[in-house]
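Here is how the chains run, residue by residue.
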Amino acid sequence: MAFLIHRRVASAHPPRFLPDVCRRTIRALNADHSVPTQGIPPPLRGVKVLDLTRVLAGPTSTMLLADLGADVIKVEEVSRGDDTRAWTPPSAPLAPSAPRDASHLPPESAYFLAVNRNKRSITVNFKEPEGLEILHKLVKASDVLVENFISGKLAESGLGWEDCRKINPRLIYASITGYGQTGPFKKAAGYDVIVEAEAGLMHITGEPDGPPCKVGVAVTDIATGLYAHGAIMAALLSRQQTGRGVWIDCNLFESQLAGLANIASNYLIAGQQGSRHGTSHPSIVPYQVFPCKDGFIMIGAGNDKQFKLFAEKILERPDLSVDSKFSTNKARVANRQELVSLITETLQQEGRDHWIERLTGLGVPFGPINNIEQTFAHPQVTARQMITEVEHPRAGKIKLVSPAVTYNGGRMPITRPPPYLSQHTNEVLAELGYSEEEIAKLRGKRII
């Protein structure tokens, strides 16, 4: 689409009906005439994002904006920065060529590196008037502000929605909180694991006879970051239609509630309470992890045709698919334990690789339970180039997970490694008009 727009809009003055972001991209393309044969030009090129978030949900959303070409300026606390900078081990080893002005900093934590690519880092103490002035200048120059402070906290510092919209009426202001801007829990802090518990996810996660479990990664944080990213993109389009900024209220609790999907619908429509099923499915059998001689494998025979194949080719029990206890999914659900025991007994006779070879190409969904090393050794990871190596100024060569989406066969590039703390403070302040002398004074006062 961007290529077609570029080719059709040859004028230096793009049509008025195009969104701001498209118009900026077109101008940039017309200037350099470079259109990639794979991928797309950065659709958010020219969009400036002021990032006041830390930990995971907010940084995930701003990283996705940065991947699309936005200039994301991450504002961090002066001495420590983002909380996750201290979440070590593990961390990347320091390179011999690491800059001396950052020698006082701890090694770069793996957690921080995971969700802060393509950003610039500045440190500002905006509790002080001179620091607040810097932030106000950034607000005026920005298209988007993303924050994840407790509701009302930034307003106390002169950086709330009402404060910022007076400075920049076209600002997209995205607030990411635990529970939203209204309601009895609006002042409560948001933590992924707490919201997993409170919004139903832990209740349905774990073995039937075991305690509730959290998911192995902070899925509520990640889902909230994805919702926030989509909302910001929508708000940028809304701004083009109305000429006004938007206040986005995005929170962990509602994101997790929406993420209950069919489990929520089962309750709302039929009053059916969710429960824990381990790796199995409440309505499909066989659909769970089974132990092998030396590992585990996930089998998902989701319909009668697949079960027939599984019974004949893997279990070598063609009689099962015509047995009234197992011939239909409804019957298999009713006789779950008997069938699961039978499958388990068979699969435990051989190793995981044996069953992978037997199942490959059969038409029955399956997958080995891979550890993280096995996951990154997966041939699809290599084929799709899902690992990107970048040069970090303090850590040397580091590996990152590549952006998850391709456009016309190409991924958005990682143009910047995750920044070390305050790496771009001088650069950004110079862009705001501060002189070297003024920057030095601010640094001496610990404002930056």
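For the structure itself, look to the data block above.
What you see is a predicted model, and the numbers here were worked out from it, not measured in a lab. (Residues numbered from 1 in each chain as written. Predicted model: local features only at pLDDT ≥ 70, side-chain atom pairs only at ≥ 80, totals over all residues. Heavy atoms only, no water.)

**Some remarks on the sheet that holds strand S9 (residues 366–368)**
Here's step 1: Sheet architecture is open: three strands sit in the order S7-S8-S9, paired in antiparallel fashion. Since the sheet does not close on itself, it has two edges, and those belong to strand S7 (287–291) and S9, each with one partner. For this sheet, the mean inter-axis angle between neighbouring strands, taken without regard to orientation, is 20°.
Here's step 2: Contacts from helix H14 (residues 336–347) reach S7 and strand S8 (296–300) within the one sheet, and its direction differs from that of S7 by about 40°. (Pairing = 2+ DSSP bridges. Helix = DSSP H or I, 4+ residues; strand = E, 2+ residues; numbered from the N terminus. Axes fitted to C-alpha atoms, helices over the stretch in contact; angles between N-to-C directions. Contact = heavy atoms within 4.5 Å.)

**Observations regarding a nonpolar patch on the surface**
Here's step 1: A cluster of nonpolar side chains, contributed by Ile372, Phe376, Ile387 and Val401, occupies part of the molecular surface with about 360 Å² of accessible area.
Here's step 2: The residue Ile372 is located in helix H16 (residues 372–376) in this model. (Patch = residues over 30% accessible without salt bridge, like charges linked within 9 Å, V, L, I, M, F, W, Y side chains within 5 Å. Areas by Shrake-Rupley, 256 points an atom, 1.4 Å probe, with all protein chains shown as cover. Salt bridge = Lys/Arg side-chain N within 4 Å of Asp/Glu carboxyl O.)

**With respect to the packing of aromatic side chains**
Here's step 1: Taken as a whole, this structure holds seven aromatic pairs when the rule is applied.
Here's step 2: Measuring from centroid to centroid gives 6.4 Å for Tyr173 and Trp247, while their planes differ by 85°, and the two rings are edge-to-face. Residue Tyr173 is found in strand S5 (residues 172–177), and its partner Trp247 is found in strand S6 (residues 246–251); the two are separated by 74 residues along the sequence.
Here's step 3: Look at Trp247 and you get partly exposed, because its relative accessible area is 39%.
Here's step 4: Through a chain of ring-to-ring contacts, three or more aromatic side chains come together here, namely Trp161, Tyr173 and Trp247. (Phe/Tyr/Trp six-rings, centres within 6.5 Å; stacked < 30°, edge-to-face > 60°. Buried < 20%, exposed > 50% of the residue type's maximum accessible area, 1.4 Å probe, protein only.)

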